[in-house]
Amino acid sequence: MSNTLINLRDSIQKNEQELKRLNEIAEEMAKNAAVIVKEVVYPGVEVVMFNKVFRVEKELTKAVFYYRDGEIRVGGYSE
């Protein structure tokens, strides 16, 4: 049993390291990710990026939601 426990702990540690690496890659790729609203986004809508949630409180028109520094931010959109 002790060998099984040691193997499981090693496996967990390797998986945690791999998860951390993949999260770093995903976050790097998200630097250019955005949700573009060309018309209207209504109150109650939730924009989710990674583990962050942005709840729209008031009606927005022509908005851009983007992920920066671990947060979802909102900016203006123009064509």
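S.K.: Can you help me understand the overall build of the protein in this one?
M.R.: What the protein contains, in helices and strands, is 1 helix and 5 strands. Across the protein, helices and strands are ordered from the amino to the carboxyl terminus as α-β-β-β-β-β. Taking 12 Å as the expected radius of gyration for a compact globule of 79 residues, we find that the protein reaches 19 Å, considerably beyond that expectation. Projected onto the principal axes, the alpha-carbon positions of the protein cover approximately 60 × 25 × 15 Å. About 6,500 Å² of surface is accessible on the protein, with carbon and sulfur atoms providing 51% of the total. Between the averaged position of the 12 positive side-chain charges in the protein and that of its 13 negative side-chain charges there is a distance of 2 Å.

S.K.: Can you help me understand the nonpolar core in this one?
M.R.: Here is a general trend for soluble globular proteins: nonpolar side chains tend to be buried in one another's company. The biggest cluster of nonpolar side chains holds 11 residues, and these are Ala30, Val37, Val41, Val47, Met49, Val56, Leu60, Ala63, Phe65, Tyr67 and Ile72. Within the residue set of this core, elements represented by two or more residues are β1 (34–41), β2 (46–49) and β4 (60–68). Broken down by element, the residue count for this core peaks at 4 residues, all from β4. Apart from residues lying up to four places away in sequence, Val47 is in contact with Val35, Lys52, Val53, Phe54, Phe65 and Ile72.

S.K.: So what exactly am I meant to see when it comes to the pattern of salt bridges here?
M.R.: Working definition: two side chains of opposite charge can pair if their charged atoms are close together. By the definition in use, this model includes 4 salt bridges. Across the pair Glu46 and Arg55 runs a salt bridge, and its minimum N-O distance is 3.0 Å. Take Arg55: its relative accessible area is 48%, and that puts it in the partly exposed class.

S.K.: Please clarify how the sheet that holds β1 should be interpreted in this entry.
M.R.: Read across the open sheet, the 3 strands follow the order β1-β4-β5; overall the sheet is antiparallel. The open sheet terminates on both sides in strands that have one partner only, identified here as β1 and β5 (71–76). Recorded for the sheet is a direction-independent mean angle of 25° between the axes of neighbouring strands. Pairing geometry for β4 and β5, over 6 bridges, is antiparallel. Note on β5: the bridge partner recorded for Val64 is Gly75.

S.K.: Quick question: what am I supposed to make of the environment of Arg73 here?
M.R.: Position of Arg73 among the secondary structure elements: in strand β5. It is 14 Å that separates the C-alpha atoms of Arg73 and Lys62, two residues lying 11 residues apart in sequence. Contact partners of Arg73, with chain neighbours within four places excluded, come to Val64, Phe65, Tyr66 and Arg68.

About the criteria used
Residues numbered from 1 in each chain as written. Predicted model: local features only at pLDDT ≥ 70, side-chain atom pairs only at ≥ 80, totals over all residues. Heavy atoms only, no water. Helix = DSSP H or I, 4+ residues; strand = E, 2+ residues; numbered from the N terminus. Rg over C-alpha atoms; globule rule 2.2 N^0.38 Å. Areas by Shrake-Rupley, 256 points an atom, 1.4 Å probe, with all protein chains shown as cover. Lys, Arg positive; Asp, Glu negative; His and termini not counted. Charge placed at Lys NZ, Arg CZ, Asp CG, Glu CD. Core = buried A, V, L, I, M, F, W, Y, C linked by side-chain atoms within 4.5 Å. Buried < 20%, exposed > 50% of the residue type's maximum accessible area, 1.4 Å probe, protein only. Contact = heavy atoms within 4.5 Å. Salt bridge = Lys/Arg side-chain N within 4 Å of Asp/Glu carboxyl O. Pairing = 2+ DSSP bridges. Axes fitted to C-alpha atoms, helices over the stretch in contact; angles between N-to-C directions.

That's the geometry; what it means functionally is another story.
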